[in-house]
Amino acid sequence: MSDQTAFIVRLTAKPEVRERFRAELFNVVNRMAQEPDFINTWVHEDANDRNTFVLYETWGCSRDFFLGTHLAKDYRVQYEALLPELLAKERTIDFLDIVASYPGRSA
């Protein structure tokens, strides 16, 4: 499935700006959802640390195209510029190779 990329993003907000971070996160996710290559994003809160958000994203494009095109969009650049003041530590992004897909019922 080389025409798709998937990854997991972990972001830990500073406690004092958690709600602002959450609002900015959902703003960017709502904008991402309008992109033609967007497949899905699952947004989670870590059950042991409510300041940590974990996203699972799937895109209908290669990793290189995602990094070079989608991260360069104006709304993404603006979001990226906010992260140093909102995050308690550097975010992590783990890219995944899609092996198989088992679509199920919507939650």
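One structure accompanies this document, and this report is about it. As the structure is a computational prediction, the values presented were derived from the model and not from experiment.

So, on to the sheet that holds strand β3 (residues 49-59). Spatial strand order, β2-β3-β1-β4: 4 strands in an open sheet with antiparallel pairing. Pairing within the sheet leaves two strands with one partner each, and these edge strands are β2 (38-46) and β4 (92-96). Between one strand and the next, the sheet's axes are offset by a mean angle of 15°, whatever the strand orientation. Direction of pairing for β2 relative to β3: antiparallel, over a ladder of 8 bridges.

This part takes up the pairing of β3. Side chains on a regular strand alternate between the two faces of the sheet. For β3, a buried count of 8 out of 11 residues is recorded, marking the element as mostly surrounded by other parts of the structure. Of the pairings in the sheet, the one linking strand β1 (residues 5-12) to β3 comprises 8 bridges and is antiparallel in character. Of the residues in β3, the one forming a bridge with Ile8 is Tyr56. Linkage of β2 to β3, two consecutive antiparallel strands, is achieved through a turn of 2 residues.

Leu11, Phe21, Leu25, Leu55, Trp59 and Tyr79 are the most contacted members of the largest nonpolar core, which has 22 residues in total. Within the residue set of this core, elements represented by two or more residues are β1, α1 (18-32), β3 and α3 (74-86). Excluding its chain neighbours within four sequence positions, the residues that come into contact with Tyr79 are Leu11, Phe21, Glu24, Leu25 and Val28.

Right, let's get into α3. Look at α3: 19 Å from first C-alpha to last across 13 residues, which is about the 18 Å you get at 1.5 Å a residue. Within α3, the full set of buried residues consists of Tyr75, Arg76, Tyr79, Leu82, Leu83 and Leu86. For α3, the arc enclosing every buried residue in end-on projection is 125°, short of the 170-degree limit, so these residues lie on one face. Those residues of α3 that are exposed and angled more than 90 degrees off the buried face are Asp74, Gln78, Ala81 and Pro84.

Applying the stated criterion across every chain, the model contains 8 salt bridges. Beyond isolated ion pairs, a larger network of salt bridges with shared partners links Arg18, Glu19, Arg22, Glu45 and Arg50.

Definitions and limits used
- Residues numbered from 1 in each chain as written.
- Predicted model: local features only at pLDDT ≥ 70, side-chain atom pairs only at ≥ 80, totals over all residues.
- Heavy atoms only, no water.
- Pairing = 2+ DSSP bridges.
- Helix = DSSP H or I, 4+ residues; strand = E, 2+ residues; numbered from the N terminus.
- Axes fitted to C-alpha atoms, helices over the stretch in contact; angles between N-to-C directions.
- Buried < 20%, exposed > 50% of the residue type's maximum accessible area, 1.4 Å probe, protein only.
- Core = buried A, V, L, I, M, F, W, Y, C linked by side-chain atoms within 4.5 Å.
- Contact = heavy atoms within 4.5 Å.
- Expected span 1.5 Å × (residues − 1).
- Arc of directions from axis to C-beta.
- Salt bridge = Lys/Arg side-chain N within 4 Å of Asp/Glu carboxyl O.

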